[in-house]
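Now for the letters of each chain:
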Amino acid sequence: MSVVSETSPTEAPINILIVDDEPKNLTVLESVLTQANYRLVRAESGDAALLALVAEEFALIILDINMPGMSGLELAAIIKDRKKTAQVPIIFLTAYYNEDQHMLTGYGTGAVDYLLKPVNPAILRSKVGVFAELHRKSRETAVAHRILLGEMGERRRAEEKLRVLNEELEQRVVERTEKVESILRSISDGLMVLDANWRFTFFSERAAAMVRRPRVDLIGACVWDVFPHTREGQTSTEFRLAVTTGQPQQFQEYYPAPVDRWFEFHCHPSAEGLAVYFHDITARRQAEDSLRHASRLKDEFLAMLGHELRNPLSAIANAVELLREAGSDPQEAAWPLSMLERQRANLTRIVDDLLDVARITRGQITLQLERVNVGEIIERAVETVLAQVEKKGHELIHSRGLGSDLIVEADATRLEQCVVNLLVNAAKYTAEKGRISVSASREGKYAVIAIRDNGIGIDQTILPHVFELFTQAERSLDRAEGGLGIGLNICRQIVELHGGTITAHSAGPGTGAEFQIRLPVVALSSSPSGSNGPALPDRSAEKRVSRRILVVDDNTDSANALAMLLRLRGHLTRVAHDGLEAIDAAAEFRPDVFLLDLGLPGIDGYEVARRVRAGEFPNAHLIAISGYAQESDQRDALEAGFDAHFAKPVELQTILAAIDERARQGP
């Protein structure tokens, strides 16, 4: 199929489809019908003709009847059967069918004319011209009809619009407002519009909800009447600045009760006045305030920590100088030695508190729960703090056997730690010769341990926060009370891990304070003096068996000092400073006991323990002494073959007790 005519530059050409299986016949038709306003499309078969009819619209089809495959009559039947092409005129051409019956068949398929070959050119041009003109007129009529329909539709729409405008003029403002409101309904920001007289011409539902006023009361109201506090505030200044300068303004302001919120405003001058959209930033402001508060607490804590660490370090430095001056005089050395012991205890307490906070915060504490006698917990706690209480001349009121009839499910060590912290706190914040009382009772299903003092009390602004990290009462520069402000937080978290509660009560400064621990009771003790909790350690002196002890620590001073102390207690010692050196020293020294640091250079303490157990010393006593003191470190130590694990710093008596216990048990 090919196209031989060209499109007229001034008029759309008329498409004519010529169909004949003989190319020369098509050429003849083209020569006869060539005109500027005709566009002739050739098809050499019925299939090609159908493809052309699918692709384009035609004013006329000139169709040969006798074609191989699909005849012209069959093709005409298909064309007339299609809705799109049924009205296209068909002129049949044939050189064979000239009988009346043949012509009737052709007309029966929908043909409009029937010409015999050879075709008279003048007749063909005349007939084609008639159908072409009819098609042109039809096309022009259709265009005119569409234009007329469009104009009539436009006219009807204009009339309808005019009718609506005339009948509903007063309703337009309301409808427009509702339309805008429907768009803004999903927007989280509030939107309001002010006119030149500072009256609201628009107030979105969201904005009305944010300022907690009925929307119906806001439209038409003056902004200064709705928000009187803004007349002289930042809102007034920024609104006026936006109007006078014509420049957008952005600011934040707090709106008091009943709104009680912080908003961020964006003001945009417009032809109608001032458009303002705003959103609630209260949560953001509170978060910023919390961050500032946390930052301040962090700075205060670091300052406290520096102070708390420098005090014992300064005392230790002075004690070292005194010992240096004392030389070998035991009387001169006694006091600085006692000072060193006190300051070592202070540093140990600080480090233990810090580690406890970190472990509890990360959820790394696992309670060793057992049935515990509350009375024994109180007795051990009192024994621990008695020296500190007596030093300040306090009267400590408690009765022997107090709470011994109450049994709770608890970790004895951790519960004792809480009671000790509360007693130390009471002693710290009570002036000399004060009074501290300890009581224990049962209230319903709970055992209640109460510590009461007549000290400085707690300000009501601080009381709700006393169990938060780093919270302390107002402190003087000398920090006579000391502490890091973390003890009560540790108490609260430990008690809550037990399923209990801890509360603080005070009527205010100068009235003292009371702290209560409540824990679920699991049973009543059948014997007031019975031991349902861990027994107090036996401090009685025993004759010690001399042991061969290998001390392994990469801290030279620590290793040598511990070895010297053990030698003074009658043991044989040797020192190594890394893992491989420890293996070699063990082969030569043949120790009974290994005191191993875990963080060693070369191979660590865990690997040393594994090699010792797998080698020549399967029954040796292995004790880990390390700064790695998490529960996971203790578990890893036991899995590596250690018999015990102690966290640095560890008291010498604790190490000696572990060695002596193993000596009593035998190899």
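Note that the coordinates shown come from a computational prediction; the quantities given were computed from them, not determined experimentally. (Residues numbered from 1 in each chain as written. Predicted model: local features only at pLDDT ≥ 70, side-chain atom pairs only at ≥ 80, totals over all residues. Heavy atoms only, no water.)

Trainee: Just give me the short version of the overall build of the chain, but keep the residues and values in it.
Mentor: Summing up its helical and strand segments, the chain has 19 helices and 22 strands in all. Expressed as a percentage of the 667 residues in the chain, the buried residues total 42%. Look at the contacts in the chain between residues 6 or more apart in sequence, and 62% of them connect residues 24 or more apart. Counting only carbon and sulfur atoms, one obtains 53% of the accessible surface of the chain, whose full area is about 36400 Å². (Helix = DSSP H or I, 4+ residues; strand = E, 2+ residues; numbered from the N terminus. Buried < 20%, exposed > 50% of the residue type's maximum accessible area, 1.4 Å probe, protein only. Contact = heavy atoms within 4.5 Å. Areas by Shrake-Rupley, 256 points an atom, 1.4 Å probe, with all protein chains shown as cover.)

Trainee: Would you mind going over the sheet that holds strand β5 (residues 113-116) in detail, with residue names and values included?
Mentor: What the 5 strands build is an open sheet, ordered β2-β1-β3-β4-β5; its pairing is parallel. A strand with exactly one partner marks an edge of an open sheet, and here the two such strands are β2 (38-43) and β5. Geometrically, the sheet is characterised by an average inter-axis angle of 20 degrees between neighbouring strands, direction not taken into account. In the packing of helix α2 (residues 46-55) onto the sheet, the strands contacted are β1 (14-19), β2 and β3 (60-64), and the crossing angle to β1 comes to about 165 degrees. Of the strands in this sheet, β1, β2, β3, β4 (90-94) and β5 are in contact with helix α5 (residues 121-167), which crosses β1 at around 140 degrees. (Pairing = 2+ DSSP bridges. Axes fitted to C-alpha atoms, helices over the stretch in contact; angles between N-to-C directions.)

Trainee: Give me the side chain of T282: which residues, what numbers.
Mentor: On the secondary structure map, T282 appears in helix α10 (residues 282-326). Its relative accessible area of 4% is what places T282 among the buried residues. A distance of 2.6 Å separates a polar atom in the side chain of T282 from a polar atom in the side chain of D280. (Polar contact = N/O pair within 3.5 Å; in protein donor to acceptor, adjacent residues only side chain to side chain.)

Trainee: Run through helix α15 (residues 556-568), naming residues and quoting values.
Mentor: Spanning 13 residues, α15 covers 18 Å between terminal C-alpha atoms, matching the ideal 18 Å at 1.5 Å per step. Listing the buried residues of α15 in full gives A559, L562, A563 and L566. Within α15, the buried residues cover an arc of 100 degrees as seen down the axis, which keeps them to one side. For α15, exposure combined with an orientation more than 90 degrees from the buried face picks out D557 and L568. Looking at where α15 begins, the residue whose side-chain oxygen comes 3.0 Å from the main-chain nitrogen of S558 is N555. (Expected span 1.5 Å × (residues − 1). Arc of directions from axis to C-beta.)

Trainee: Give a detailed account of the nonpolar core, specifying residues and quantitative values.
Mentor: Formed by 45 residues in total, the largest nonpolar core has its most connected members in L423 and I517. Looking at which element gives the most residues to this core, the answer is helix α13 (residues 412-428), with 10 residues. In this structure I517 touches C418, V419, L422, A447, V448, I449, V495, T501 and I502, once residues within four positions along its chain are discounted. Core analysis: the second largest hydrophobic core is formed by 27 residues, F203, A207, A221 and C222 among them. (Core = buried A, V, L, I, M, F, W, Y, C linked by side-chain atoms within 4.5 Å.)

Trainee: If you had to explain a nonpolar patch on the surface to someone new, which residues and values would you point to?
Mentor: Taken together, the side chains of L148, L149 and M152 present a nonpolar region at the surface, about 260 Å² in accessible area. Structurally, L149 is set in helix α5. (Patch = residues over 30% accessible without salt bridge, like charges linked within 9 Å, V, L, I, M, F, W, Y side chains within 5 Å. Salt bridge = Lys/Arg side-chain N within 4 Å of Asp/Glu carboxyl O.)

Trainee: Let's hear about helix α16 (residues 579-589): which residues, and what values?
Mentor: Within α16 the residues assigned to the buried category are G579, A582, A585, A586 and F589. All buried residues of α16 project into a common sector of 115 degrees when viewed along the axis, lining one side. Facing away from the buried surface of α16 by more than 90 degrees, the exposed residues are D584 and E588. Here α16 starts with a cap whose side-chain oxygen sits 3.2 Å from the backbone nitrogen of L580, and that cap is D578.

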